[in-house]
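Chain by chain, the residues run as shown.
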Amino acid sequence: MPQGFSHRPHRVAVIVDEGTNPFEVGVATELFGLPRPELGRPVPLYEVVLCTPTRAVRMNHGFFAMTGTAGLDAVDTADTLVVPGRPDNVVPRGDDVLDAIRRTHARGARVMSFCTGTFALAEAGLLDGRRATTHWMWTDSFRELHPRVRLEPDVLFVDEGGLLTAAGSAAALDLGLHVVRRDHGAEVANAVSRRLVFAAHRDGGQRQFVERPLPEVPDESLAPLLAWAQERLGEPLTVADLAARAAVSPATLHRRFRAQLGTTPLAWLTGERVALACRLIERGEERLDLVAARSGLGTAANLRARLRRETGLSPSAYRRRFGPAAGEALTV
């Protein structure tokens, strides 16, 4: 249940198994475990517990061991279970770990995996017939082991409602911020991303990797163009306008967006406008025509369609869940 509807933090359990990748454990604790006094909320967003199948678990490559954790029974009171990845994916998980994953899902809690943690969800039988993703290096072995899963090999993450999977270690941050946005709205997710110094919103459908992570020519960086456009979202900006600002052809701009961001100019622009619309609604603006105009979405009808597509909620439902009244519910 989202934090705006509860008087206690949302409980997140993280399973740390033998060989688990420590980076992904760190992602989970960074996203969900840190206090965030800058938000000014009387109740923390989340509380995190690390749970292990044994008293001491060696992390990936034996760099260090984790001790003093909770047992796997901690998953039974969790609202969300996080399953990080490990490099030995062809080695089956222990029955105790798989049982913990199954019973968490069976009682309706959210289950999410980072990177090759998708293998564990598939071993537990949760992904048969469902969409999922995992790290691109492991797609062939995943398909061989789990042919009933509808694997999407190129995307950052997949949200199937109660089951979510992230492609790689860095994509775990994208999925985590997506979950924060889903639980608490765009304003809180932006605050968390600012503290992480990480991109506030990359859609799950974006590619796992880009052709050129760092541009060969500094002048080809999209950062100045993105900053310019973000200040003018309410204006009738088009892809042609972005190309003209960058002094390139639309085709060249499209190639640069694909190479540097893994998405298209139009998809990026639409995503930014929806995020701005969400923030306006969260701040209390009730006039949908005005929200649509200020965010560049044009009409209230387009706003409704885009918001439902991105969040699964109508504007009124989004307002009830993330608007000022939802925050006031925590203070009573």
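Cut-offs and rules
Residues numbered from 1 in each chain as written. Predicted model: local features only at pLDDT ≥ 70, side-chain atom pairs only at ≥ 80, totals over all residues. Heavy atoms only, no water. Patch = residues over 30% accessible without salt bridge, like charges linked within 9 Å, V, L, I, M, F, W, Y side chains within 5 Å. Areas by Shrake-Rupley, 256 points an atom, 1.4 Å probe, with all protein chains shown as cover. Salt bridge = Lys/Arg side-chain N within 4 Å of Asp/Glu carboxyl O. Buried < 20%, exposed > 50% of the residue type's maximum accessible area, 1.4 Å probe, protein only. Core = buried A, V, L, I, M, F, W, Y, C linked by side-chain atoms within 4.5 Å. Helix = DSSP H or I, 4+ residues; strand = E, 2+ residues; numbered from the N terminus. Contact = heavy atoms within 4.5 Å. Pairing = 2+ DSSP bridges. Axes fitted to C-alpha atoms, helices over the stretch in contact; angles between N-to-C directions. Phe/Tyr/Trp six-rings, centres within 6.5 Å; stacked < 30°, edge-to-face > 60°. Parallel < 35°, antiparallel > 145°, perpendicular 65-115°, else oblique. Left-handed = near helix turned anticlockwise from the far one by under 90°. Expected span 1.5 Å × (residues − 1). Right-handed = clockwise from strand over helix to strand, strands pointing away. Polar contact = N/O pair within 3.5 Å; in protein donor to acceptor, adjacent residues only side chain to side chain.

A. Main features of a nonpolar patch on the surface. A cluster of nonpolar side chains, namely Val90, Val91 and Leu145, defines an oily patch on the protein surface of about 250 Å² accessible area. Given a relative accessible area of 56%, Val90 falls into the exposed group.

B. Representation of the nonpolar core within the structure. Membership of the largest hydrophobic core comes to 31 residues, with the highest contact counts inside it found for Leu225, Leu253, Phe257, Leu303 and Tyr318. Elements supplying a minimum of two residues to this core: helix 7 (223–230), helix 8 (239–246), helix 9 (250–260), helix 10 (265–282), helix 11 (288–295), helix 12 (300–311) and helix 13 (315–322). Tallying contributions element by element places helix 10 first for this core, with 8 residues. Those residues within four positions of Leu225 in sequence are excluded, and the remaining contacts are Leu242, Arg245, Ala246, Leu253 and Phe257. Counting residues in hydrophobic clusters, the runner-up holds 27 residues, among them Leu31, Ala166, Ala167 and Val180.

C. How the structure looks around the sheet that holds strand 9 (residues 157–159). Read across the sheet, 6 strands follow the order 2-1-5-6-10-9 without closing on themselves; strand pairing throughout is mixed. Looking at the sheet topology across the chains shown, the edges are occupied by strand 2 (46–51) and strand 9. Ignoring strand direction, the axes of neighbouring strands in this sheet form an average angle of 15°. Bridge analysis of strand 5 (residues 80–83) against strand 6 (residues 110–113) gives 4 bridges, and the strand direction is parallel. Looking at strand 6, one finds that Leu81 is bridged to Val111. The sheet contacts of helix 1 (residues 22–32) involve strand 1 (10–15), strand 2, strand 5 and strand 6, and relative to strand 2 the element is tilted by about 155°. Against the sheet, helix 2 (residues 95–106) contacts strand 1, strand 5, strand 6 and strand 10 (163–166), and its axis sits at roughly 145° relative to strand 5.

D. Structural detail: the pairing of strand 10. Side-chain alternation along strand 10 places Leu163 and Thr165 on one buried face and Leu164 and Ala166 on a second face that is also buried. Here strand 6 pairs with strand 10 via 3 bridges, running parallel. Along strand 10, the bridge assignment pairs Ser113 with Thr165. Bridge count for strand 9 against strand 10 is 3 bridges, and the pairing is antiparallel. Counterpart to Val158 in the pairing with strand 10 is Thr165.

E. Layout of unusual backbone geometry. The backbone of Cys115 shows a phi angle near 55°, a positive value even though the residue is not glycine. With respect to the element layout, Cys115 can be found in the loop between strand 6 and helix 3 (118–123). Phi angles above zero are rare outside glycine, and Ala247 is one such case at about 60°. Following the sequence through the fold, Ala247 ends up in the loop between helix 8 and helix 9.

F. Region of the structure containing the packing of aromatic side chains. For the structure on display, the rule yields 5 aromatic pairs. Ring geometry for Phe32 and Tyr46: centres 4.9 Å apart, planes at 70°, overall edge-to-face. With a gap of 14 residues between them, Phe32 in helix 1 and Tyr46 in strand 2 connect regions that are remote in the sequence. Both residues of the pair, Phe32 and Tyr46, belong to the buried class.

G. Up close: the packing of helix 10 against helix 11. Between helix 10 and helix 11, the shortest axis-to-axis distance is 9 Å and the interhelical angle comes to 140°. As far as their axial angle goes, helix 11 and helix 10 are oblique. Crossing hand, helix 10 versus helix 11: right-handed. For the pair formed by helix 10 and helix 11, the contact residues are Arg273, Leu276, Ala277, Leu280 and Ile281 on the first element and Val291, Arg294 and Ser295 on the second.

H. View of helix 5 (residues 169–184). When the terminal C-alpha atoms of helix 5 are compared, their 23 Å separation across 16 residues agrees well with the 22 Å that a helix rising 1.5 Å per residue should span. Counting buried positions over the 16 residues of helix 5 gives 14, a clear majority of the element. Phi turns positive, to about 95°, at Gly185, one or two residues after helix 5.

I. Quick peek at the pairing of strand 1. Most of strand 1 is tucked away: 5 of the 6 residues are buried. Bridge count between strand 1 and strand 2: 6 bridges; the pairing is parallel. Bridge pairing links Val14 to Leu50 in strand 2. Remark: the strand 1/helix 1/strand 2 crossover connection has right-handed handedness.

J. Layout of the environment of Glu47. For Glu47, the position within the fold is in strand 2. Under the relative-accessibility criterion, Glu47 is labelled partly exposed at 36%. Once the C-alpha coordinates of Glu47 and Arg11 are considered, the two residues, 36 residues apart in sequence, prove to be 5.0 Å apart. If near-sequence neighbours (up to four positions away) are discounted, Glu47 is found in contact with Pro9, His10, Arg11, Val12 and Phe32. Reaching out from Glu47, the side chain makes a polar contact with the side chain of Arg11 at a distance of 3.0 Å.

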